[in-house]
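Remarks on the overall topology
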Amino acid sequence: MPELPEVETVRRGLTPAMEGSLLVRAELRRPDLRFPFPADFASLVSGQRIVSLGRRAKYLLIDLEDGNVIIAHLGMSGSFRVEDGVASEAPGDFHHPRGKSEKHDHVIFHLEGVNGPARVIYNDPRRFGFMDLARRDVLANHAFFRELGEEPTGNVLDAAYLAARFAGKAQPLKSALLDQKNIAGLGNIYVCEALWRSGLSPLRAAGTLVDAKGKPKAALVLLTEAIRTVIADAIAAGGSSLRDHIQTDGTLGYFQHSFSVYDREGEPCRTPGCGGTVARVVQAGRSTFYCPKCQK
Ligand SMILES: [Zn+2]
């Protein structure tokens, strides 16, 4: 499943082809993905100029000039590729191999851009992805977005914000960080990585990071910084693979990560001088990787 940095990489990769282009025609090759397309989706978006490409949590937001926004979610196996008739621009090493079978090309956006015609193709073998359409002026109240917490990429996510969320909570820290009402788009991998970087156990109660006055303890300040940098580093890594693979065939958005603790059960902890071993526990049905020796 793509995590937030991959979705952000997809957004950045699609932007040159899509932003400012005319969406001449949306071609739907089936009536549904995970959900049916909205009624008249193709006719509503066809003929519209694309104003901008945004992102909220793991949703791509394609703003059209008439005030509609295409909401696209990649689900488990969704991906986009850009074809401009010269090269198939599709950066990224593959964390998991992606099917490129054209039978899974479900949506084709036929574009007229500043550099000529292009096609942006949505491929999704497992069809857990979906697309929806909403008005920009009421988007914040849309069911997907109205309860979402702050982005881990912006300046709004700070220790005071998390302290207000975590105060008095006996909930394990890992679960509190995965709660999308607290932080939007933060997933299992990057929660594990941020906890490791800040030396905090995923098992401790979230409320233990908040003092009696409701203020963040120093550990929560460190954790907040770790969340922001782990996401920023992953986006930067995706951005570099984007540049490296700009002329190769593949698909936007899935790049090889290098994790410090995630998926490293039984391997030596990489904290300098620790000497511990990475352990795996299951919390709320998800694997948590951490070092019991240096994460307290
Ligand atoms: Zn360790």
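Residues numbered from 1 in each chain as written. Predicted model: local features only at pLDDT ≥ 70, side-chain atom pairs only at ≥ 80, totals over all residues. Heavy atoms only, no water.

In total, this model carries 16 salt bridges according to the counting rule given. Ionic pairing is found between Arg 81 and Glu 83, a salt bridge with its closest N-O pair at 2.9 Å. It is possible to trace a salt-bridge network through shared partners that takes in Glu 8, Arg 11, Arg 12, Arg 55, Arg 56 and Glu 151. (Salt bridge = Lys/Arg side-chain N within 4 Å of Asp/Glu carboxyl O.)

Before going further, it helps to examine the coordination of the zinc ion. Within the protein, the zinc ion binds to Cys 269 (SG), Cys 274 (SG), Cys 291 (SG) and Cys 294 (SG); these donor distances fall in the range 2.3 Å. One way to put it: the four donor atoms around the zinc ion meet at angles of 104 to 116°, and that makes the site tetrahedral. Read from N- to C-terminus, the donor residues coordinating the zinc ion fall into the pattern C-x4-C-x16-C-x2-C. Residue Cys 269 is found in the loop between α6 (218–244) and β10 (279–283), and its partner Cys 291 is found in the segment after β11 (286–290); the two are separated by 22 residues along the sequence. For Cys 291, a relative accessible area of 0% translates into the label buried. (Donors = N, O, S within 2.8 Å, 3.2 Å for Na, K, Ca; no water. Tetrahedral: all angles 85-135°; square planar, octahedral: opposite > 155°, others 65-115°. Helix = DSSP H or I, 4+ residues; strand = E, 2+ residues; numbered from the N terminus. Buried < 20%, exposed > 50% of the residue type's maximum accessible area, 1.4 Å probe, protein only.)

Right, let's get into the side chain of Glu 8. Examined against the element boundaries, Glu 8 turns out to sit in helix α1 (residues 4–18). Within polar-contact distance, the side chain of Glu 8 engages the side chain of Arg 12 at 2.7 Å. (Polar contact = N/O pair within 3.5 Å; in protein donor to acceptor, adjacent residues only side chain to side chain.)

With that out of the way, let us pick up the environment of Glu 193. With respect to the helices and strands, Glu 193 occurs in helix α5 (residues 188–197). The class of Glu 193 is buried, set by a relative accessible area of 4%.

Mapped onto the secondary structure, Thr 153 falls in the loop between β9 (130–135) and α3 (159–166). Its relative accessible area of 39% is what places Thr 153 among the partly exposed residues. Once the C-alpha coordinates of Thr 153 and Ala 57 are considered, the two residues, 96 residues apart in sequence, prove to be 9.7 Å apart. Once residues within four sequence positions are removed from consideration, Thr 153 is found in contact with Leu 4, Arg 55, Ile 231 and Ile 235. Within the local environment of Thr 153, its side chain forms a polar contact with the side chain of Arg 55, the two groups lying 3.4 Å apart. (Contact = heavy atoms within 4.5 Å.)

Below, the discussion takes up the nonpolar core. Counting 40 residues, the largest nonpolar core has Phe 166, Leu 173, Leu 177, Leu 220, Leu 223 and Ile 227 as its most contacted members. Among the elements of the structure, α3, α4 (173–178), α5 and α6 are those that each provide at least two residues to this core. Here this core takes eight residues from α6, the largest share from any one element. Here Ile 227 is in contact with Pro 152, Leu 157, Leu 162, Leu 177, Ile 183, Leu 186 and Ala 194, once residues within four sequence places are set aside. (Core = buried A, V, L, I, M, F, W, Y, C linked by side-chain atoms within 4.5 Å.)

Our next topic: the pairing of β10. Of the pairings in the sheet, the one linking β10 to β11 comprises five bridges and is antiparallel in character. Bridged to Arg 280 within β11 is Phe 289. Taken together, β10 and the strand that follows it, β11, pair antiparallel across an intervening segment of two residues, in which Ala 284 is found at a positive phi of about 50°. (Pairing = 2+ DSSP bridges.)

Pairing geometry for strand β1 (residues 22–28) and strand β7 (residues 105–113), over six bridges, is antiparallel. Bridge pairing links Arg 25 to His 110 in β7. When β1 meets strand β2 (residues 48–56), the two strands line up antiparallel, connected through two bridges. Bridging from a neighbouring strand, Leu 23 pairs with Gln 48 of β2.

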